[in-house]
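Descriptive analysis of the structure
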Amino acid sequence: APCPQWPYCRKRCSYCSFNTYVVPAVDEGAVRACLVREAQTLLRLSQVHSVSSVFFGGGTPSLASPGTVAAVLEAVAAAAHLPAGAEVTLEANPSSTSTSRLAGFGAAGVNRISIGVQVRGALPAAAPKAPCDAIVTALPPQSLDDAELRMLGREHTAAEARKAVEAARGLFPGRTSIDLLFGLPGQSRDAWAQRLEVALGLCDDHISLYQLTLERGTALAAQVRGGALPAPSQDLLADMYRTARTVLVAAGFRHYEVSNFARKGALSTHNLSYWRADQYIGVGPGAHGRFVPRGEGSHSREARIQTLEPVAWMREVQSQGHGTRSRVVLSPLEQLEELLILGLRTDEGITHERWGHFSPQLSLQAVFGTPGEAQALQQQGWLVLDSGGLRCTWAGLAVLDSLLPDLLWQLQRV
Amino acid sequence: QEKLDMSMYPVESIRNFSIIAHVDHGKSTLADRLLEITGTISKTARNKQVLDKLQVERERGITVKAQSASLFYNHEGINYLLNLIDTPGHVDFSYEVSRSLSACQGVILVVDANEGIQAQTVANFYLAFEAQLSIIPVINKIDLKNADPERVEKQIEKLFDIPTDECIRISAKQGTNVEKVLQKVIEKIPPPQCNTADPLKALVFDSTFDHYRGVVANIALFGGEIAKGHKIVSAHTKKRYEVNEVGILTPDEQPTHKLYAGQVGYLIAGMKEVAEAQIGDTLFLYKQPVEPLPGFKSAKPMVFAGMYPIHQTEYNNLKSALERLTLNDSSVTVHRDSSLALGAGWRLGFLGLLHMEVFNQRLEQEYNTSVILTAPTVPYKAVLSSAKLIKEYGKDQITIINPAQFPDKLSVSEYLEPTVLGTIVTPHEYIGKIITLCQDRRAVQKDMLYIDENRVMLKYLFPLNEIVVDFYDTLKSLSSGYASFDYEDAGYQSADLIKMDILLNGNPVEELATIIHNDKAHAAGKLLCERLKETIPRQLFEIAIQAAIGKKIIARETLKAYRKNVVAKCYGGDITRRMKLLKRQAEGKRLMRKIGNVEVPRDAFIRVLKREPDK
């Protein structure tokens, strides 16, 4: 799954700590050439034969022209097989998402839109992630209230967000995702419940639900720390999350990952590839990847990070075909650790089959079925280990970050 | 360099004296001037606190390690030897002060012309008065704009019964009238009463450790003479030594052929540790024993605190720093200790609070070591009534330093706590607040006296444990810095003591148990529970934090369970960062102290146990 990143934004949102850049003019031709070149290089290196998804993230990839998206997809298709049904997601921002632009992206090959705040991943924006699966998400309307949007420093209004979602749904029916943010400073339980109702009336079949995290260094975090905005209490946040889970599940959504809900099978193939510890290739400034560089004769999975700063990244791509800044071989234990912390985020958990793929010798049962932390957590009702594999209970999912250190510690001792 | 011949100075031409004063009243500045006038040091602008050699002394304006100096001064045609014997500037060191004073026949009592008599002035005066020394009152800093020497003279008359016309008004900083002080020393202070023909009798009043030469003992001769090659014996240890070197301090060591009765100087005799030259000990010639000088006692720690390295990897460095520092300070007691929460460390005993702070500061400044110092505790005692326990201990009264050793009420007829007699001098407008503070600290008023129209001296008997943590800071802040405080040991008194346990979900936390007065248990228990609630991270289940006396719960806080903490976003680019954090937490599991099923990080213990540093 390639994930190409478009690192540029028109304006930095008050809560955003991603690798994004607000520059007056982007030399789109040069960026496009570099994305294409790097996607080619890395796909070749991975020797992936078929790509299951492509995800255009950012930044604000919907600011790029459909031609750029098309060029990257052509490169992907040329370097590996890109099946007709492969998920191709674009993250979109309501203010850069007119019907005609969206139609242009659709023509370029995008078949899924994720609309909203730029609430996604951490540092690496979404560059084309290459080999196995890649998805492009549209921009989710994190909020549908103008005052909240202003606080978040979002460029669009609620009406624009609504219009954008409607436009996307028209063009990508059943394949439009929206982002929702909760835990905004000053937001009450009731206000959140109302917001949720409005969102339900507007949404398609996929919702990403995020608790606002105050990342250090952001304008919003500074305002909260300085006392200008109130920080919501832990209990309120827990209540909001529980409310959302209950309401969305009642509306027919499957809560398939900590922050993701889908109905009618509209799960994000691309994002699932992260949580299942599949291979993915990060393309673009600051993009992260996990794959085996078979082209070099290697059999080891690597964690790779592309150069963060766009100008430097472009220079490197132009001179050597890629801007890989760091590559670290992951040991078998490290691979299992990643599988553990990611897999438990999903409703299916870690299946015996998937575990066996990374650990042919030592079964899930052998590691976590013996007396120790995992058994204690099972007895306390946070965790389940059965024929389906290892997964969180409904209550356990909300406190996963308290379970993981125990489980990692147990895994490290085996 | 030619050795001095000290036989030029017979007893009649010798004066031994100290300067005593409250902090910052100008003791060290006056000493600098006396050294300059007598040509002991050359007169330069750099002479500031010449006798205060340690960084901590200069910073705090106190003397920790007494230094002495011999001054030569011609008055009316006679050459005098004036021995200025410096004293530590705080009652924590009152034993050392009393030993230094016992080598003197008189003192210069310095009082600030602006601040007037302060608590330490009173304490110092009585030490000198009880030692029957001549007292020369000096009013310093008359050059200050707000100086009011007349008022201070009246205070001195009222409190110390010294006629106002005996006070000398000086400015040590500018040198005004300092010469007059020297003349008064010669006229008013009697020469020592002793004889060179008698057998050697030398008082050890201080000692330092030199890496090349071993122990350097400061001595005052009460009889006889001493020279290189003499064989001497310590009255306390009975050990024998051969003298390698004697000399005087000017203030640097200057070897002499001999030292004679009445003189003050140093001695090096192959002693390996300062414990061999204990303050107050008497030295005599081998096979010529003398009656030891009265008043010797071993240092008795009154304040205890745990000391732990911040990281266990620093244990050995800290150990060697402690060893080096205690080489010079035998009054600190060191016992190895270990805490389940804080790891391996020591339980240190100090003479008092200031002593503890100074020791910690020297450790940091001179040895570049940072430590966790736990809140100080005091040594309690229990009078046993249980025959079984009396047999076990081999005595019917035991000292309790560790709450784990606290004997049950049923086997005890009485618990005892150490007390001190505190002196507070304050402008009268703060009296109300100060009396309330003292009552809160279970203190009993012993005296209250107006030393002038607007200054009051209060005397209270305090339980020592009530002043060891934050009394001084509180007093200073509620009097805008104007009240001064000093205290002296006042023995033990009966007390209603109990052991308070802290429970986490019903399981006691050994390192948080405390011995406390019954009246204070409720408030202290509540405070401890609140602090723990703030420092223990939320966990997957609710945690009851309780303070208990025996089976009775006296305070409770509830730490609610985590309901949600899963991070919202975890996509391709978040994984590396996320993994790092989780692995650090998994690693932390190893260092976590488990009380039942409750995990308590080391930081939480540190934040609860650590002494809050003074402002």
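Residues numbered from 1 in each chain as written. Chains lettered and ligands numbered in written order. Predicted model: local features only at pLDDT ≥ 70, side-chain atom pairs only at ≥ 80, totals over all residues. Heavy atoms only, no water.

To keep it simple, the criterion reads: UniProt positions are given in the numbering used here, feature names are shortened, and annotations may be inferred rather than shown by experiment.
Per an unreviewed UniProt entry, chain B is named GUF1 factor, and its organism is Falcunculus frontatus. In its Sequence similarities (unreviewed entry) section, UniProt records this for chain B: "Belongs to the TRAFAC class translation factor GTPase superfamily. Classic translation factor GTPase family. LepA subfamily." According to the UniProt record, the Catalytic activity (unreviewed entry) comment for chain B reads "GTP + H2O = GDP + phosphate + H(+)".

Chain A goes by RSAD1 protein in an unreviewed UniProt entry, where it is assigned to Falcunculus frontatus.

Section: the overall build of chain B
We count it as follows: By definition, any uninterrupted DSSP run of H or I lasting at least four residues is a helix, any uninterrupted run of E lasting at least two residues is a strand, and each is numbered from the N terminus. Each residue gets one of three labels from its accessible area relative to the maximum for its type: buried under 20%, exposed over 50%, partly exposed in between, using a 1.4 Å probe on protein chains only. Residue contacts are defined here by distance: any two heavy atoms, one from each residue, within 4.5 Å place the two residues in contact. Each accessible area is a Shrake-Rupley result for a 1.4 Å probe, and residues are judged covered by the shown protein chains and nothing else. For this count, His and the chain ends are skipped, Lys and Arg are scored as positive, and Asp and Glu as negative. We put the charge of a Lys on NZ, of an Arg on CZ, of an Asp on CG and of a Glu on CD.
Along its length, chain B carries 14 helices and 33 strands. Principal-axis analysis of the C-alpha atoms gives chain B an extent of 90 × 65 × 60 Å. Taken across its 615 residues, chain B has 56% of its residues classed as buried. Of all intrachain contacts in chain B linking residues separated by at least 6 positions in sequence, the fraction that spans at least 24 positions is 69%. As displayed, chain B offers around 26,800 Å² of accessible surface, 49% of which is attributable to carbon and sulfur atoms. Computed over 78 positive and 76 negative side-chain charges, the separation of the two mean positions in chain B equals 8 Å.

Concerning the domain arrangement of chain B
Accessible area lost on assembly of the parts is the figure often given for the size of an interface. Residues and elements named next belong to chain B. For clarity, the cut-off: Delimitation of the domains relies on an automatic or database domain assignment. Accessible area, probed at 1.4 Å, shrinks when two parts are joined; the buried area is that loss added up over both. Salt bridge criterion: a side-chain nitrogen from Lys or Arg within 4 Å of a carboxyl oxygen from Asp or Glu. Two N or O atoms count as a polar contact when they lie within 3.5 Å, although within protein this holds only if one can serve as hydrogen donor and the other as acceptor, and sequence-adjacent residues are included solely when both atoms are side-chain atoms. Side-chain classes follow a simple rule in which Ala, Val, Leu, Ile, Met, Phe, Trp, Tyr, Cys and Pro form the nonpolar group, Asp, Glu, Lys and Arg form the charged group, and the remainder, Gly included, forms the polar group.
Here chain B is partitioned into domain 1 (11–188), domain 2 (201–285), domain 3 (311–373), domain 4 (380–495) and domain 5 (499–609). The interface is formed by 23 residues belonging to domain 1 together with 18 residues belonging to domain 2. Carbon and sulfur atoms supply 63% of the area that domain 1 and domain 2 bury against each other, a total of about 1,600 Å² over both sides. Joining domain 1 to domain 2, the criterion identifies 0 salt bridges. Counting the contacts that link domain 1 with domain 2 gives 2 residue pairs in polar contact (both at pLDDT 80 or more). Listed by contribution, the elements that provide at least two residues to the side of domain 1 that touches domain 2 are strand E1 (14–21), strand E2 (68–75), strand E3 (78–85) and helix H3 (94–102). Counting residues per element, the side of domain 1 that touches domain 2 draws most heavily on H3, at 5 residues. Here the side of domain 1 that touches domain 2 is built from residues that sort into 13 nonpolar, 7 polar and 3 charged.

With respect to the interface of chain A and chain B
Across the contact, 50 residues belong to chain A and 28 residues belong to chain B. Taken together, the two surfaces of chain A and chain B that pack against each other cover about 3,600 Å², and 57% of this comes from carbon and sulfur. Of all residues in chain A, A:Asp235, A:Asp401 and A:Trp409 give up the largest surface area on contact with chain B, accounting jointly for 15% of the area buried on that side. Here B:Arg563 and A:Asp239 are joined by a salt bridge, their closest N and O atoms 2.4 Å apart. The tally of links from chain A across to chain B stands at 17 residue pairs in polar contact (both at pLDDT 80 or more).

Notes on the domain arrangement of chain A
Residue and element names in this part refer to chain A. Looking at the assigned domains, one finds that chain A contains domain 1 (2–273) and domain 2 (332–412). In this assembly, 11 residues from domain 1 lie in contact with 6 residues from domain 2. Summing both sides of the interface, domain 1 and domain 2 together bury roughly 830 Å²; the carbon and sulfur share of this comes to 52%. In terms of surface lost to domain 2, no three residues of domain 1 exceed Arg245, Glu257 and Val258, which account for 54% of the buried area on that side. Arg345 serves as the salt-bridge partner of Glu257, at 2.7 Å between the closest nitrogen and oxygen. Put simply, the parts of the chain that give the side of domain 1 that touches domain 2 at least two residues each are helix H8 (234–250) and strand E7 (254–257). Taken together, the residues that form the side of domain 1 that touches domain 2 break down as 4 nonpolar, 3 polar and 4 charged.

Quick notes on the packing of aromatic side chains
For clarity, the cut-off: Any Phe, Tyr or Trp ring, taking Trp's six-membered ring, that has another such ring centre within 6.5 Å forms a pair; planes under 30 degrees apart are called stacked, those over 60 apart edge-to-face, and the others tilted. A ring has a charge above it when a Lys NZ or an Arg CZ is no more than 6 Å from the ring centre and no more than 35 degrees off the ring normal.
Scanning all chains against the criterion turns up 22 aromatic pairs over all chains. Plain terms: the ring middles of A:Tyr274 and B:Tyr571 are 6.3 Å apart, the flat faces sit at 80 degrees to each other, and that makes the pair edge-to-face. Of the two residues, A:Tyr274 is situated in helix H9 (residues 269–275) and B:Tyr571 in the loop between strand E31 (552–559) and helix H13 (575–591); the pairing between them involves two chains. Each member of the pair, A:Tyr274 as well as B:Tyr571, is classed as buried. Each ring, one from B:Tyr430 and one from B:Tyr482, has its centre 6.5 Å from the other, and the planes form 20 degrees; the classification is stacked. Residue B:Tyr430 is found in the loop between strand E23 (412–427) and helix H10 (431–440), and its partner B:Tyr482 is found in the loop between helix H11 (471–478) and strand E26 (484–494); the two are separated by 52 residues along the sequence. On the basis of relative accessibility, which here comes to 12%, the residue B:Tyr430 falls in the buried class. Take B:Tyr482: its relative accessible area is 49%, and that puts it in the partly exposed class. The ring of A:Trp394 carries A:Arg245 above its face, with NZ or CZ at 3.9 Å from the centroid. One Lys or Arg, B:Lys564, reaches over the ring of A:Tyr241 and ends 4.8 Å from the middle of that ring.

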